[in-house]
Amino acid sequence: MSHYLITGAQGGSTKGADAPNRIEINDFVKIPNQFSLYIQALTEMFNESQPTSTSHFGIGGIHGLPPVQWEGAGGTQPIPGSGWDGYCTHGSVLFPTWHRPYVALYEQVMQSHALDIAGKYQVDQDSWRTAALNLRAPYWDWATNTVPPPEVVSLQTVDIITFDGTTITVPNPLYQYTFHPIDSSFPNRYSSWKTTIRHPDDPNSPNATTDVQALIDVLTSIQDGITSSVYHLLMLVHTWPAFSNHTSGDGDSSSSSLEAIHDGIHYYIGGQMADTAVAGFDPIFFLHHANVDRLLSLWAAVNPGVWVTPGPADAGSWTIPRDATIDGNTDLSPFWNAQTGFWVSSGTTTTAGLNYTYPEFNGLNMSDPAGVQQAISGYINQQYGESGFSLFRGTGPALSFLAQQPAAGSAPAPAAPSAMPVAAAVSAIKSVAKELRHPFASRGGHPHTAESGEHGRGGPNVASVHDWTVRVHFKKYELGQSFAVLIFLGEVPDDASRWRTCPSFVGAHVAFVNSAADQCGNCRQQADVVSEGFVHLNSTIARRSGLSSYEPNVVTPYLRDNLHWRIQGADRTAIAVERLPSLEVNVVQTTLTQEPGSVFPIAGEPHYHHHITHGRPGGARHAQA
């Protein structure tokens, strides 16, 4: 049989880029011609017969259910001895790269529809064709704006320009997907939901609907934590295992992986998005994963030459045997790049090979890795710089470890249209150390500055800060459902439905799994697989504690009295800590040192303060190291 080849979208151009840009969704909805084509193209994909391999349902189903072969990749059943009855590769070193051709496939099919639609316009035909050629899948930069625009999160209809140039109102495919029909393979909870649902008003009801305001409230509450996690990932993680996936055992990192941060977005959206088996059907899935792919590009730019390293396949997939060793040359099935073979990670190091780019790289010389590294580092510092390292907001001059984030209630900063020029990037990086030297001066506290060999590093121009995080460690399949361990600093409400929006909520580490664990081979085979994630505390300590220093003798008493955790299911019900015996919550303190001329801070050895959580259910196993 002939296979559908993933080539990426075709044609088009963006000035200063090797291929057309993907555009952030908040900007994309303001481009009338591309938005109109996009909405119509998605509608056509939605309306196609579900068994069609390039329908929205057909592509969404690659991720999990239904358990069927896609375009002849592998056998008609999973490879003998494998676990997960699907193609996706969660919890392994292939997580970021497998999803790259996946999003490109969706983009390619969407654009092919858009090109056909553009040919039907009776006015400005050339401009519509150009718009279709330049059309790429938009991304949702949740590290800047955790709440998507109304066109994604709340509007059930949108206005588009139709073939005669007039504006009409049409159903909004970004709001939900309607199953036609509901697939018989779906677990009980989803077997009666006629559409995709986000943050369901009653997660266990067959008549559940999306609670838009509650979704917006939850997404608003996680902004600081998500931004902090992304910044830590991009500035401090330099090895592929620690960057790529949430499986524990990646060394001395005290930052969550790309996959762990991604898991949280799935969980907070809820509904089908909180379940690996059916997440791919929600139209927000591809906005989300386009941003995951963008973060892969940013991280790779600041870590040139670092790419997929060998690792275990765990229980495998539809085509990957259990216990196999996977690496950069492992097939990323079912994504064919030729009639006889598949994309592999080593062939996905650049996005231009799939004919798309991101705006941050516009105008950069991609053949100069050092220049790209400098410019993208400056962009990351400017866009995501973690104010919580040193800033106590609202108490004096804006002293921050990096760029100050918007104050609560203010409009979020717009995404930068392109990377900073190299000279500006250098200036931004130099300012980091200057701002870091006296982070508590505005509160009358003692400056936390590493001088003359303090913390093992010398020189009067060296600055450092203690970075406080909570390490969360558990067996991800132990509860047989998606769940989260929520971290709080301060009083925790009795009502579990208020946990994710209460003032004391800091962040969470999420288990993003198949809810029908008894039907999931991967879940059975990976019963003892441990997931690890980190929740960063500095920003919340700065806002809530009243402390004037991050020094351990100041912070540890505060954490002993105020640090709490709870477990919550995807249906927002409380789960007793005793039901997750593998849970271990620990406090980690790492000294970050900013040396003159360095792009990002350098992390010292992590120090575990076991005594803070020891003796409490789910706390540290030992009182001290």
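What you see is a predicted model, and the numbers here were worked out from it, not measured in a lab. Each chain has its residues counted from 1, running along the sequence as written. The predicted origin of the model limits local features to residues at a pLDDT of at least 70 and limits the giving and counting of side-chain atom pairs to 80 or more, whereas totals for whole chains, interfaces and linings rest on all residues. Computation of side-chain values covers all heavy atoms of the structure but excludes hydrogens and water.

So, about the overall build of the protein. If you tally the helices and strands in the protein, you get 16 helices and 15 strands. Surface exposure of the protein reaches about 22000 Å², of which carbon and sulfur atoms provide 51%. In this text, helices come from DSSP runs of H or I with a minimum length of four residues, and strands from runs of E with a minimum of two, each type numbered from the N-terminal end. Surface accessibility in these figures is a Shrake-Rupley result with a 1.4 Å probe; residues are shielded only by whichever protein chains are displayed.

Moving on to the pattern of salt bridges. Any two side chains of opposite charge can pair, given that their charged atoms come close. Whenever Lys or Arg places a side-chain nitrogen within 4 Å of a carboxyl oxygen from Asp or Glu, that contact is recorded as a salt bridge. All chains considered together, the criterion is met by 8 salt bridges. Aspartate 141 serves as the salt-bridge partner of arginine 294, at 3.5 Å between the closest nitrogen and oxygen. A residue pair is termed long-range when its members are at least 10 positions apart, and arginine 294 in helix H11 (residues 284-302) and aspartate 141 in the loop between helix H5 (125-134) and helix H6 (150-153) qualify at 153 residues. Relative accessible area decides the class of each residue, using a 1.4 Å probe on protein chains only: under 20% of the type maximum gives buried, over 50% gives exposed, and in between gives partly exposed. The exposure class assigned to aspartate 141 is buried, which follows from its relative accessible area of 1%. A salt bridge links arginine 471 to glutamate 532; the shortest N-O distance between them is 2.8 Å. Taken together, the residues arginine 471 in strand S7 (residues 463-475) and glutamate 532 in strand S10 (residues 530-536) connect sequence positions 61 residues apart. In this structure, arginine 471 and glutamate 532 share a single accessibility class: buried. Residues joined by salt bridges that share partners form a network here, namely Arg22, Arg100, Glu107 and Asp293.

A word on the layout of surface pockets. Unoccupied space between atoms shows up once a probe the size of one water molecule is rolled over them. The pocket and cavity definitions rest on a 1 Å grid over protein atoms only: a 1.4 Å probe that fits but cannot leave marks a cavity, an open set with protein on both sides within 12 Å along at least five of seven lines marks a pocket, and residues lining either have an atom within 4 Å of a point. Grid points are joined across faces, edges and corners, and a volume is the space filled by probe spheres set on the points. What the second largest pocket holds in volume is close to 570 Å³. In this structure, the second largest pocket is lined by 24 residues; those nearest its centre are Ala301, Thr349, Thr350, Phe361 and Met366. Every element with two or more residues in the lining of the second largest pocket is listed here: H11 and helix H12 (369-384). At 4 residues, the largest contribution of residues to the lining of the second largest pocket is made by H11.

The subject of this paragraph is the confidence of the model for the protein. Values of pLDDT, ranging from 0 to 100, describe the predictor's confidence in every residue of the model. Summarising the model, the protein shows a mean pLDDT of 86, and 83% of its residues fall at 70 or more. The contact criterion used throughout is that any non-hydrogen atoms of two residues lie within 4.5 Å. Counting interchain partners and residues more than four positions distant, the pLDDT-below-50 stretch residues 425-458 has 83 contacts.

Moving on to the packing of aromatic side chains. Pairing of aromatic rings covers Phe, Tyr and Trp, the last through its six-membered ring, and needs centres within 6.5 Å; plane angles under 30 degrees mean stacked, over 60 mean edge-to-face, and all others mean tilted. On inspection of all chains with the given rule, the structure shows 33 aromatic pairs. Aromatic side chains tyrosine 121 and phenylalanine 163 sit 5.1 Å apart centroid to centroid with 85 degrees between the ring planes, which places their arrangement in the edge-to-face category. With tyrosine 121 in the loop between helix H4 (95-118) and H5 and phenylalanine 163 in the loop between strand S1 (157-161) and strand S2 (167-171), the pair connects residues that are 42 residues apart, well separated along the chain. Aromatic side chains tyrosine 379 and tyrosine 384 sit 6.3 Å apart centroid to centroid with 85 degrees between the ring planes, which places their arrangement in the edge-to-face category. Clustering of aromatic rings is evident, with ring pairs tying together Phe46, Phe57, Tyr177, Phe179, Phe186 and Phe281. Only lysine NZ and arginine CZ atoms are considered, and such an atom sits over a ring when it is within 6 Å of the ring centre and within 35 degrees of the ring normal. Sitting over the face of the ring of tyrosine 356, arginine 22 holds its NZ or CZ atom 3.5 Å from the ring centroid.

With that settled, consider the side chain of threonine 590. Structurally, the position occupied by threonine 590 is in strand S13 (residues 584-594). Judged by relative accessible area, threonine 590 falls into the buried class, the value being 2%. The definition of a polar contact used here is a pair of N or O atoms within 3.5 Å, where within protein one atom must be able to donate a hydrogen and the other to accept one, and adjacent residues in sequence count solely through side-chain atom pairs. Side-chain polar atoms of threonine 590 contact the side chain of serine 254, separated by 3.4 Å. For threonine 590, the residues in contact, after removing those within four places along its chain, are Ser254, Val465, His466, Asp467, Ala603, Gly604 and Pro606.

Our focus in this paragraph is the nonpolar core. Think of a nonpolar core as a cluster: buried Ala, Val, Leu, Ile, Met, Phe, Trp, Tyr and Cys residues, connected wherever their side-chain atoms sit within 4.5 Å. In terms of nonpolar packing, the biggest core is built from 167 residues, with Leu37, Trp142, Ile380, Val485, Ile487 and Leu583 touching the most fellow members. For leucine 37, the contacting residues outside a window of four places in its chain are Ala114, Ile117, Ala118, Tyr121, Trp128, Ala131, Ala132 and Leu135.

This paragraph deals with the environment of leucine 155. For leucine 155, the location among the structural elements is in the loop between H6 and S1. C-alpha of leucine 155 to C-alpha of tyrosine 175: the two residues are 20 residues apart in sequence and 6.7 Å apart in space. Ignoring sequence-local partners within four residues, the contact set of leucine 155 consists of Pro150, Asn172 and Tyr175.

Further remarks concern helix H7 (residues 212-221). At 3.6 residues per turn, the α-helix brings residues three or four places apart onto the same side. When we look at burial in H7, the residues that qualify are Val212, Ala214, Leu215, Ile216, Val218 and Leu219. For H7, the secondary structure elements touched by its buried residues are H6, helix H8 (223-236) and helix H10 (258-269).

It is worth spelling out the sheet that holds strand S12 (residues 574-575) at this point. At least two DSSP bridges between two strands are required for those strands to pair. Pairing is antiparallel across the open sheet formed by 4 strands, whose spatial order is S9-S8-S11-S12. Every other strand in the sheet has two partners, leaving strand S9 (505-511) and S12 as the edge strands with one partner each. Across 2 bridges, the pairing between strand S11 (residues 563-569) and S12 is antiparallel. Bridging from a neighbouring strand, isoleucine 567 pairs with isoleucine 575 of S12.

Another aspect to go through is the packing of H4 against H5. For the pair H4 and H5, the least separation of the axes is 9 Å and the interaxial angle reads 180 degrees. It follows from the interaxial angle that H4 and H5 lie roughly antiparallel. Seen from H4, the contacting residues are Gln111, Ala114, Leu115 and Ala118; seen from H5, they are Trp128, Arg129, Ala132 and Leu133. Every axis corresponds to a line fitted to the C-alpha atoms, with the helix fit spanning only the stretch in contact, and the corresponding angles, defined between N-to-C directions, vary from 0 to 180 degrees. Note on terminology: angles under 35 degrees are roughly parallel, angles over 145 are roughly antiparallel, angles of 65 to 115 are roughly perpendicular, and the others are oblique.

The next subject is H4. The length a helix should cover is 1.5 Å for every residue beyond the first. End to end, H4 covers 35 Å across 24 residues, agreeing with the expected 34 Å (1.5 Å per residue, within 8%). For H4, the buried fraction is high: 21 of the 24 residues fall into the buried class.

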